[in-house]
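What follows is the residue order along each chain.
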Amino acid sequence: MSLVIFLALVPFAKLPLPRVWAFIPVYESALVINDLITAVLLFGQFRILRTPGLLVLACGYLFTACMATVHALTFPDLFAPGGWLGAGPQSTAWLYMFWHAGFPLFVIAYAWLKDQPRSLSRLTRFTPLAVAGVFGLVGAFTVAATVGQDALPKIMRGNHYTTAMVYVIVSVWAFSLFALVRLWRCRVRSVLDLWVMVVVCAWLFDIALSAMLNAGRFDLGFYAGRIYGLLAASFVLLMLLLENGMLYARLAQMHQSELQKNATLMALAQRIAEGDLTVRVDPQSYMGSVGQALEEMVDSLREMNHEISGGVAVLASSATTILSGASQVASGAADSASAVTQAVITMAETKQTALVASEKAQHVSEAAQRAAQVSQLGQESVDDAVARMLHIREHMGQIAASTIKLTEHAMMIGEIIATVNDLADQSNLLAVNASIEAAKAGEQGLGFGVVAQEVRSLAQQSKQATVQVRSILNDIGKAISGAVQTAEQGAQAVESGVKQSKAAGESIRQLAESIAESAQAAAQIAVSAQQQLAGIDQLAQAMDDISASATRNAESTRETEAAAQSLHELGQTLERLMLRYKA
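As the structure is a computational prediction, the values presented were derived from the model and not from experiment. (Residues numbered from 1 in each chain as written. Predicted model: local features only at pLDDT ≥ 70, side-chain atom pairs only at ≥ 80, totals over all residues. Heavy atoms only, no water.)

Colleague: Break down the overall build of the protein chain for me, with residues and values.
Modeller: From N to C terminus, the protein chain includes ten helices and two strands. For the protein chain, the α and β elements follow one another from N to C terminus as α-α-α-α-α-β-β-α-α-α-α-α. Considering the protein chain as a whole, with its 583 residues, one finds that 35% of them fall into the buried category. Contacts in the protein chain between residues at least 24 apart in sequence constitute 81% of all its contacts with a sequence separation of at least 6. Just so you have it, the protein chain exposes about 33700 Å², and 64% of that area is on carbon and sulfur atoms. (Helix = DSSP H or I, 4+ residues; strand = E, 2+ residues; numbered from the N terminus. Buried < 20%, exposed > 50% of the residue type's maximum accessible area, 1.4 Å probe, protein only. Contact = heavy atoms within 4.5 Å. Areas by Shrake-Rupley, 256 points an atom, 1.4 Å probe, with all protein chains shown as cover.)

Here it is, written out as structure tokens:
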């Protein structure tokens, strides 16, 4: 029908008609209202169905509503001689081109998104961004058509078209044709797709009559094309309104039916809640899945009732056994805690004793070290004494040797004294003989007699001196003999002292070694005592931890006993509750 009317109007498209200025605001106001309502309805369906194509189509209708508003505000001589928003002679025509080229692009995007995976539904959170993008696009086209109109080709000369208009409008019309083809090639078409195809067809008729086949503004094609545009905007709106009405009616019927079914379900649920599991559910009386699920639920409850009854009996018996065992464990835990406490006290006393033993061992180790130092000094002193006694023995040997030499010299002196004594006797004898001869000589021999007398006197004195020297030599010999004997005794004593000193040095060395070993053993004992003290300290800490753990275990055991008591009471309560259900 639309095609017939379109073909009938084509020959008269350039027929001039009167300028009806009220037609433009009325037409575009209706167009804006229809497109806004359509966009709101499509946004609502998008929020329900989560289909990205609906979001794009809703943005397309929002785009046409905004562009229609801007187009009306810039229309020359409608609200102002040159139009508002800084419009020029070309602004309104180019806004029409942007408007009628933009909507088919949204339709093409809608058709393309229909064939894409549903994972794109995650873009629903970007709805505000999509709306903002539409406003930004409209603003960009408005600025391009007003501020940038000089950069665009001139397609209007007054109220008539220029030659450039032909190329521009053919391109715009081709966008709508491509959108129609793209919708036709969709694999699955919904009712909305069919109505959008009707809209695109009307859009093609609108562009052809109002911009391609007419001569300019306010001719038959101008008015008829815009009427087609208004009808195109109304088709989808009417379809959406009718579909919403039918959906509401169906929803009301389903709601009433669901109320009745819910009443029946509530009665069955009440019987089940009262413990009557003998009810029979007819799945055909309700929505298939609900009735089937309710029947399966009742059957499951019956089976669960039997299983729970057996389980409750086992639970009650087990709870009694657990309660008895928990009581025994609690008693044993209390005894263990008491024993652990006593062990902790004993360990503390042992730790104190070990501490005292460690201190004593340390003192013994220090004393042993001091004794080792003293024995070392004693060993050095004995070694020095032995060396000095050996030195004395050497001196005593030298003294004995000197004494022996002195004895030999004394003997030689004795021999010399004997010789002198013999000489004195001979001199005395010669003096006597000389005196005799001097007496015989008389006065001539007087002087010789005096000499002989003197010689005799000297001989007597020499003899007396030799006697004294012999006596002295005898005394010296006796003294030397005593000295030799004393030197020999001293040498023997020194030898004995050396032997004893060596024996004492050996004993002191052995004692020093023994003291060193004792000091080392004492040091090891001290270290062992320290290690033992550390071990006892760790053991005491472990016993403290064990005591704390035993205390916690005792508390846990008491809690377990209380829980076992509660479990026992719960088992008895469950037994009473299970008696309420009939299966």
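Now that the structure has been shown, the text picks up again.
Colleague: Which residues make up the side chain of His71, and what values do they have?
Modeller: Mapping His71 onto the fold places it in helix α3 (residues 52–74). Within the local environment of His71, its side chain forms a polar contact with the side chain of Glu28, the two groups lying 2.4 Å apart. (Polar contact = N/O pair within 3.5 Å; in protein donor to acceptor, adjacent residues only side chain to side chain.)

Colleague: Describe the packing of helix α4 (residues 91–114) against helix α5 (residues 127–146), with residues and values.
Modeller: Where α4 meets α5, the axes come as close as 9 Å, and the angle between the chain directions of the two elements is 150 degrees. One finds that α4 runs roughly antiparallel with respect to α5. Once α4 is placed against α5, the crossing between them reads as right-handed. The segment α4 lies against α5, with Ser91, Trp94, Leu95, Phe98 and Phe106 engaging Leu137, Phe141, Thr142, Ala144, Ala145 and Thr146. (Axes fitted to C-alpha atoms, helices over the stretch in contact; angles between N-to-C directions. Parallel < 35°, antiparallel > 145°, perpendicular 65-115°, else oblique. Left-handed = near helix turned anticlockwise from the far one by under 90°.)

Colleague: Mind laying out a nonpolar patch on the surface, listing which residues take part and the relevant values?
Modeller: Residues Val166, Tyr167, Val170 and Met212 make up a contiguous nonpolar surface patch of about 380 Å² in total accessible area. Looking at the nonpolar patch element by element, the count peaks at three residues for helix α6 (residues 163–184). Position of Tyr167 among the secondary structure elements: in helix α6. (Patch = residues over 30% accessible without salt bridge, like charges linked within 9 Å, V, L, I, M, F, W, Y side chains within 5 Å. Salt bridge = Lys/Arg side-chain N within 4 Å of Asp/Glu carboxyl O.)

Colleague: Any details on α3? Residues and values, ideally.
Modeller: The end-to-end C-alpha distance of α3, which contains 23 residues, comes to 33 Å, matching closely the 33 Å that a straight helix rising 1.5 Å per residue would cover. By the criterion of burial, α3 is predominantly enclosed, with 21 of the 23 residues buried. (Expected span 1.5 Å × (residues − 1).)

Colleague: Pulling in residues and values, what's your account of the environment of Val168?
Modeller: With respect to the element layout, Val168 can be found in helix α6. Taking relative accessible area as the criterion, Val168 reaches 16% and is therefore assigned buried. The sequence separation of Val168 and Met97 amounts to 71 residues, and the corresponding C-alpha distance is 7.7 Å.

Colleague: Which residues make up the packing of aromatic side chains, and what values go with them?
Modeller: Enumeration over the complete set of coordinates arrives at six aromatic pairs. Relative to Trp99, the ring of Tyr96 lies with its centre 6.0 Å away and its plane at 75 degrees, an arrangement referred to as edge-to-face. Taken together, the residues Tyr96 and Trp99, both in helix α4 and three residues apart, mark about one turn of the helix. Assigned by exposure class, Tyr96 and Trp99 land together as buried. (Phe/Tyr/Trp six-rings, centres within 6.5 Å; stacked < 30°, edge-to-face > 60°.)

Colleague: Give me the lowdown on α6, citing residues and values where you can.
Modeller: Between its first and last C-alpha atoms α6 spans 33 Å; for 22 residues at 1.5 Å apiece the expected length is 32 Å, and the two agree. Those residues of α6 that sit buried are Met165, Val168, Ile169, Val172, Ser176, Ala179, Leu180, Arg182 and Leu183. Against the buried residues of α6 lie α4, β2 (160–161) and α7 (191–212).

Colleague: Can you break down the packing of α3 against α5 residue by residue, with the values?
Modeller: Relative to each other, α3 and α5 sit at 35 degrees, their axes nearing to 10 Å. The element α3 and its partner α5 pack so that their crossing is right-handed. Residue-level contacts link Leu55, Cys59, Leu62, Phe63, Cys66, Met67 and Val70 of α3 to Thr127, Ala130, Val131, Val134, Phe135, Leu137, Val138, Phe141 and Thr142 of α5.

Colleague: Explain the nonpolar core to me, using residue names and the numbers behind them.
Modeller: Note on soluble globular proteins: their nonpolar side chains tend to be buried together. In this structure, Leu57, Met97, Trp99, Val107, Ile155 and Leu183 are the most contacted members of the largest nonpolar core, which totals 59 residues. Among the elements of the structure, α2 (23–49), α3, α4, α5, α6 and α7 are those that each provide at least two residues to this core. At 15 residues, the largest contribution of residues to this core is made by α4. Residue contacts for Trp99: discarding those within four places in its chain leaves Tyr27, Glu28, Leu31, Phe63, Thr64, Met67, Ala68, His71 and Trp203. (Core = buried A, V, L, I, M, F, W, Y, C linked by side-chain atoms within 4.5 Å.)

Colleague: Before we move on, could you go through the environment of Gly482 and cite the residues and values that matter?
Modeller: Within the fold, Gly482 resides in helix α10 (residues 446–578). Take Gly482: its relative accessible area is 28%, and that puts it in the partly exposed class. As for Gly482 and Thr403, which are separated by 79 residues in sequence, their C-alpha atoms are 10.0 Å apart.

Colleague: Outline the confidence of the model for the protein chain, listing residues and values.
Modeller: Across the protein chain, the average pLDDT comes to 75, with 72% of residues at or above 70. Between the elements of the protein chain, mean pLDDT differs from a low of 59, seen in helix α1 (residues 2–9), to a high of 92, seen in α5. (pLDDT = per-residue confidence, 0-100.)

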